[in-house]
Amino acid sequence: MKITSQEEYGLRILLRIARCHDEDSMSIQALSIAEGLSPAYTAKLTRLLRQAGFINSTPGNIGGYVLAKPSTEINVNAVLKTLGGALFSKEFCNDFTGASRLCTNSVNCSVRSLWQMVQFSIDQLLDKIQLSDLIGNEKQSDNLLNTLLQQHQYQQREIAG
């Protein structure tokens, strides 16, 4: 499993915008310089984020991008799915049929069960993380995310009984 560049840079751009003061916006040029990306790639990522309702554009010669809602209301799982999609979805099996029209394991697939469990686990954890949880420095985010992971593990043990 790999994190795509679109997911990484898209999330970093969103964080960069979130760290701006409420009245400030960030232009494509400023974002591309700050992240070391081409303006064209930055424009593509901001377009995806805007179309998904995470950011708004502000017009004018000093225009740019601002968050469309508070960072506490932007779920990281939703952002990552917008930028790259889910690791596993129901369409997954249709994409990996080999030379056949239907997957040879479409009726009885133990691998599908594995991918469903991996996706479920990822969703369970990422659904608990908001953009605001990542705005601080690395140590702050690390502490918060470790706390969330410990809570998640505790909940899983409780469910298992």
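Residues numbered from 1 in each chain as written. Predicted model: local features only at pLDDT ≥ 70, side-chain atom pairs only at ≥ 80, totals over all residues. Heavy atoms only, no water.

**Q** Explain the overall build of the protein to me, please; I cannot follow it from the model alone.
**A** The secondary structure content of the protein amounts to 7 helices and 2 strands. Written out in order from the N terminus, the α and β elements of the protein read α-α-α-β-β-α-α-α-α. Across the 161 residues in the protein, those meeting the buried criterion constitute 30%. For the protein, the share of sequence-separated contacts (at least 6 apart) that also reach a separation of at least 24 residues comes to 64%. In the structure as shown, the protein presents an accessible area of about 10,400 Å², 53% of it carried by carbon and sulfur atoms. (Helix = DSSP H or I, 4+ residues; strand = E, 2+ residues; numbered from the N terminus. Buried < 20%, exposed > 50% of the residue type's maximum accessible area, 1.4 Å probe, protein only. Contact = heavy atoms within 4.5 Å. Areas by Shrake-Rupley, 256 points an atom, 1.4 Å probe, with all protein chains shown as cover.)

**Q** Quick question: what am I supposed to make of the nonpolar core here?
**A** The tendency in soluble globular proteins is for nonpolar side chains to be buried side by side. Ile 13, Leu 14, Leu 49, Val 79 and Leu 131 are the most contacted members of the largest nonpolar core, which has 25 residues in total. Those elements giving two or more residues to this core turn out to be helix 1 (5–18), helix 3 (39–51) and helix 4 (76–84). Looking at this core, the element that brings in the most residues is helix 1, giving 6 residues. Ignoring any residue separated from it by four or fewer positions in sequence, one finds Leu 49 in contact with Gly 10, Ile 13, Leu 14, Phe 54, Ile 55, Val 79 and Leu 83. (Core = buried A, V, L, I, M, F, W, Y, C linked by side-chain atoms within 4.5 Å.)

**Q** Quick question: what am I supposed to make of the pairing of strand 2 (residues 64–67) here?
**A** Looking down a regular strand, the side chains alternate between one sheet face and the other. When strand 1 (residues 55–58) meets strand 2, the two strands line up antiparallel, connected through 4 bridges. If you follow Asn 56 over to strand 2, its bridge partner there is Val 66. Between the end of strand 1 and the start of strand 2, which pair antiparallel, lie 5 residues, with Gly 60 showing a positive phi angle near 105°. (Pairing = 2+ DSSP bridges.)

**Q** Any chance you could explain the pattern of salt bridges here in plain terms?
**A** Close approach of charged atoms allows side chains with opposite charge to pair. Per the counting criterion, the structure on display carries 4 salt bridges. Across the salt bridge formed by Arg 12 and Glu 35, the nearest N and O atoms sit 2.6 Å from each other. Of this pair, Arg 12 sits in helix 1 while Glu 35 sits in helix 2 (residues 28–35); the two residues are 23 residues apart in sequence, bridging distant segments of the chain. We classify Arg 12 as partly exposed; its relative accessible area is 30%. Under the relative-accessibility criterion, Glu 35 is labelled buried at 12%. Residues joined in a network through salt bridges with shared partners are Glu 8, Arg 12, Arg 16 and Glu 35. (Salt bridge = Lys/Arg side-chain N within 4 Å of Asp/Glu carboxyl O.)

**Q** Is there a simple way to explain helix 4 in this structure?
**A** Every α-helix winds through 3.6 residues per turn, so residues three or four apart in the chain are directed the same way. Taken together, the buried positions of helix 4 are Val 76, Asn 77, Val 79, Leu 80 and Leu 83. The buried residues of helix 4 occupy an angular sector of 160° when projected down its axis, which confines them to one face. Summarising the contacts, the buried residues of helix 4 are in contact with helix 1, helix 3 and helix 6 (110–126). For helix 4, the side-chain oxygen to backbone nitrogen distance between the N-cap and Asn 77 is 2.9 Å, and the N-cap itself is Asn 75. In the segment just after helix 4, Gly 85 is the residue with positive phi, at about 85°. (Arc of directions from axis to C-beta. Polar contact = N/O pair within 3.5 Å; in protein donor to acceptor, adjacent residues only side chain to side chain.)

**Q** Would you take a moment to explain the packing of aromatic side chains for this structure?
**A** Given two aromatic rings, their pairing is described by the distance between the two centres and the angle made by the two planes. A complete count under the given rule lists 1 aromatic pair for this structure. When the centroid spacing of 6.1 Å and the interplanar angle of 85° are considered together, the rings of Tyr 9 and Tyr 41 count as edge-to-face. Taken together, the residues Tyr 9 in helix 1 and Tyr 41 in helix 3 connect sequence positions 32 residues apart. On the basis of relative accessibility, which here comes to 25%, the residue Tyr 9 falls in the partly exposed class. (Phe/Tyr/Trp six-rings, centres within 6.5 Å; stacked < 30°, edge-to-face > 60°.)

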